[in-house]
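# Architecture and fold: a report
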2 protein chains.
Amino acid sequence: MGTRQEISAIPPDADLARADSLAREIFSDIANKWALLIIEFVGQRTMRFSELRDEIGGISHKMLTQNLRTLERNGLITRKVYATIPPRVEYTLTEAGQALRTVVDGMCGWTQHYLSHIETARRDFGQV
Amino acid sequence: MGTRQEISAIPPDADLARADSLAREIFSDIANKWALLIIEFVGQRTMRFSELRDEIGGISHKMLTQNLRTLERNGLITRKVYATIPPRVEYTLTEAGQALRTVVDGMCGWTQHYLSHIETARRDFGQV
DNA sequence: CGGCATCCTTTTCGATACTG
DNA sequence: CAGTATCGAAAAGGATGCCG
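Quick caveat, the model's predicted, so the values are computed rather than measured. (Residues numbered from 1 in each chain as written. Chains lettered and ligands numbered in written order. Predicted model: local features only at pLDDT ≥ 70, side-chain atom pairs only at ≥ 80, totals over all residues. Heavy atoms only, no water.)

### A short note on the protein's contact with DNA strand D
So the rule is basically this: Any residue with a heavy atom lying within 4 Å of a molecule or strand is counted as near it. The term polar contact refers here to a pair of N or O atoms within 3.5 Å; inside protein, the definition further demands a hydrogen-donor-capable atom paired with an acceptor-capable atom, and it admits residues adjacent in sequence only when both atoms are side-chain atoms. In this description a helix means any DSSP run of H or I spanning at least four residues, a strand means any run of E spanning at least two, and both kinds are numbered starting from the N terminus.
The local shell around DNA strand D holds 16 residues, among which A:Lys62, B:Phe49, B:Ser50, B:His61 and B:Tyr91 are the closest. What you see for DNA strand D is that sugar and phosphate hold 56% of its atoms within 4 Å of the protein. Between DNA strand D and B:Arg69 there is a distance of 3.0 Å, counted from a phosphate oxygen to a side-chain nitrogen or oxygen. Within the contact set of DNA strand D, a phosphate oxygen lies 2.9 Å away from a side-chain nitrogen or oxygen of B:Arg79. Contributions of two or more residues to the surface near DNA strand D are made by α4 (61–73) of chain A together with α3 (49–56), α4 (61–73) and β3 (88–93) of chain B. By residue number, the principal contributor to the surface near DNA strand D is α4(B), which donates four residues.

### Re the sheet that holds β3(B)
Residue and element names in this part refer to chain B. Operational definition: Pairing between strands requires that DSSP locate at least two bridges from one strand to the other. We call two residues in contact whenever any of their non-hydrogen atoms come within 4.5 Å of each other. For helices, the axis comes from a line fit to the C-alpha atoms of the stretch in contact; other axes are also lines fit to C-alpha atoms, and the angle between any two N-to-C directions lies between 0 and 180 degrees.
Taken together, three strands build an open sheet; the order of strands is β1-β3-β2 and the sheet is antiparallel. Edge positions in the sheet fall to β1 (47–48) and β2 (77–82), since each has one partner strand and no second. By the bridge criterion, two bridges tie β1 to β3 in an arrangement that is antiparallel. Among the inter-strand pairings, Met 47 is bridged to a residue of β3, identified as Tyr 91. Relative to β2, α4 is tilted by about 115°, and along the sheet it contacts β2 and β3.

### Description of the UniProt feature "domain: HTH hxlR-type" (unreviewed entry) in chain A
Worth spelling out the cut-off: UniProt positions are given in the numbering used here, feature names are shortened, and annotations may be inferred rather than shown by experiment.
The positions that UniProt labels "domain: HTH hxlR-type" (unreviewed entry) are, in the present scheme, residues 19–119 of chain A. Between the end C-alpha atoms of residues 19–119 of chain A there is a gap of 39 Å, over a span that is 66% helix and 14% strand.

### A few points about the relation of the copies chain A and chain B
Put simply, the rule is: We place the copies in one frame by least squares, fitting the C-alpha atoms of every residue whose pLDDT is at least 70 in both.
Superposing chain A onto chain B takes a rotation of 180° plus a shift of 0.0 Å along the axis, which leaves an RMSD of 0.1 Å. Read as a symmetry element, the transformation amounts to a two-fold axis. The position closest to the rotation axis in chain A is occupied by the C-alpha of A:Asn32, lying 2.2 Å away. By residue overlap, the copies meet face to face through one surface: 100% of the interface positions of chain A are interface positions in chain B.

### Some thoughts on helix α1 (residues 14–30) of chain B
All names here are of chain B. Going by this rule: Given the number of residues in a helix, its expected span is that number minus one, multiplied by 1.5 Å. The buried label applies to any residue whose accessible area, calculated with a 1.4 Å probe on protein chains only, is under 20% of its type's maximum; exposed applies above 50%, and partly exposed to all values in between. Here the arc refers to the set of directions running from the helix axis out to each C-beta atom.
For α1, with 17 residues, the first-to-last C-alpha span of 25 Å sits near the 24 Å given by 1.5 Å per residue. Among the residues of α1, those classed as buried are Leu 22, Ala 23, Ile 26, Phe 27 and Ile 30. The buried side chains of α1 occupy one side of the element, clustering within an arc of 140° when seen end-on.

### Quick word on the domain arrangement of chain A
Residue and element names in this part refer to chain A. The test is simple: Residue ranges assigned to the domains are those given by an automatic or database domain assignment. In short, buried area is how much 1.4 Å probe accessible area vanishes from two parts on joining, totalled over both.
For chain A, the assigned domains are domain 1 (1–31) and domain 2 (33–126). The C-alpha centroid of domain 2 is placed 32 Å from the C-alpha centroid of domain 1. With four residues of domain 1 in contact, the opposing surface of domain 2 contributes seven residues. Taken together, both faces of the contact between domain 1 and domain 2 bury some 440 Å²; the carbon and sulfur share is 57%. Of all residues in domain 1, Asp 29, Ile 30 and Ala 31 give up the largest surface area on contact with domain 2, accounting jointly for 86% of the area buried on that side.

### Remarks on the state of the cysteines
Our working definition: Note on terminology: disulfide denotes any pair of cysteine sulfur atoms within 2.5 Å.
Applying the stated criterion across every chain yields a total of zero disulfides over all chains. Just so you know, A:Cys108 is unpaired, no disulfide at all, and the nearest cysteine sulfur is the one on B:Cys108, 17 Å from it.

Listed below in structure tokens is the structure:
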């Protein structure tokens, strides 16, 4: 073993690199319009599918399903199915989800707070 | 005057509705992967275009330009051009941007903190 | 009611080339 | 170096229909 260093060319910090790329992946999973809105709304209280759909408004059936799956896969929400007719499915934020929700709350608050600042910036933009 | 109420059919809370849709628009402007990453990096210090590009990594020339414009339009960053050769353009976070950055910091922290929780959730997902 | 699959449209994105 | 424009590929998104 040994004279040929270039064969095992994997850098010693390969683990770090992997964790980093995972963090990036997760970050883009949550850093998007629908995911954050869902977290914000389902964070208010446990809701069923159609409630969420109505509360959020403007989200399609498909998008909601899709995003809920991703959130569930990442351990942010839990999905509880009641085997009734008609079916009833409830979504609840996990502890990790709640933690993220406080962050999202901050974003919503920020948006409200800087609303007029942004409108001004938009008017100034371009007509310098 | 008026027996004809239905002519001015604009609801009294038309302003509220407008502010709401604006808030939604701004929210989706900032609630996306690249915008948030840019805010996070340019928040560390004033950076020029190519620095940002290198620091963020994985973002294309075009995407960076595009997102920087949107952020500027919303008053989150300022753009300073030095008329030198070669040109030098520096981007800095505004006060509003700084405020948002603290929120984004929270999101980055959250991601790091729950990394292993998410990995576990992902393994469990589907093989129930 | 909620989920999944399908088709089709729209948007996003990367690569490339050209300008000041 | 930074910005803009264009083009084609890829992804996201909406609408619909069928199933349990």
